[in-house]
Amino acid sequence: MTSFYVIQGNDQGRRFELLETVSTIGRAFHNHVRLHDAEVSRCHALVLGVEDHFRLIDNESTNGVFVNGKREKNCILNNGDQILLGQTLLVFNQIIQKTPDDSGWGEDDSQQETLQETQYSVRQEKTDKTVSSSGVGDDGSDGSGSDGSGDDGSGDDGLLNHFST
């Protein structure tokens, strides 16, 4: 999820999620990020989502765009950057959710531990539910559940099938 959070100005406390590839910021009603600030131009700036980053472009505004205290015409935003438009100060938040297929997964030990715990948990559940070729499970049951439907009521069958190889 990528968003701007207003920390100073008339819109303080509001969060604007960037759901479009191109988002506009300004005072006018049609903007994706509409700010109630007389010092913000009607269409003050553009935010472009390009691959894995976002670019902020000043749309020739009267009062300019300041990122971390420096006037910028066109820059790549980083998580935590502070953007000043008129009297409104916003913080850029970009949360990248990594999956096991993404490069960089496991670089952080806590991510690796979470992945290992998930894999172990799924393997353990799979082992507990495995039915031998004779149709008898580890617990001596026929694996069909007490009602004969084959559903143990846990709701995990789809999840386990998703992780099966």
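Before reading further, recall that the structure is shown in the block above.
Computed from a prediction, not measured in an experiment: that's the story for all the values here.

Trainee: Could you give an account of the side chain of D58, with specific residues and numbers?
Mentor: Mapping D58 onto the fold places it in strand β6 (residues 53–58). For the buried residue D58, which engages in no salt bridge, the nearest side chain bearing the opposite charge is R71, 4.4 Å off. A polar contact is formed between the side chain of D58 and the side chain of S61, at a distance of 2.8 Å. With sequence-adjacent residues up to four places away left out, D58 is seen in contact with H44, A45, G64, V65, R71, E72 and K73.

Trainee: Any details on the environment of R71? Residues and values, ideally.
Mentor: Summarising the element assignment, R71 is placed in strand β8 (residues 70–72). Judged by its relative accessible area of 43%, R71 is partly exposed. Along the chain, R71 and D58 lie 13 residues apart, while their C-alpha atoms are 9.6 Å from each other. Ignoring anything within four residues of it in the chain, the contact list for R71 reads D58, S61, T62, N63, G64, V65 and F66.

Trainee: Outline the pattern of salt bridges, listing residues and values.
Mentor: Counted under the stated rule, the structure contains two salt bridges. For the salt bridge of D11 with R14, the shortest nitrogen-to-oxygen distance reads 3.8 Å. Residue classification places R14 among the partly exposed positions, given a relative accessible area of 38%. We note a salt bridge from E72 to K70, for which the minimum N-O separation is 3.8 Å. Note on E72: relative accessible area 18%, which makes it buried. On the basis of relative accessible area, K70 is assigned to the exposed category, the value being 53%.

Calculation notes
- Residues numbered from 1 in each chain as written.
- Predicted model: local features only at pLDDT ≥ 70, side-chain atom pairs only at ≥ 80, totals over all residues.
- Heavy atoms only, no water.
- Helix = DSSP H or I, 4+ residues; strand = E, 2+ residues; numbered from the N terminus.
- Buried < 20%, exposed > 50% of the residue type's maximum accessible area, 1.4 Å probe, protein only.
- Lys, Arg positive; Asp, Glu negative; His and termini not counted.
- Salt bridge = Lys/Arg side-chain N within 4 Å of Asp/Glu carboxyl O.
- Polar contact = N/O pair within 3.5 Å; in protein donor to acceptor, adjacent residues only side chain to side chain.
- Contact = heavy atoms within 4.5 Å.

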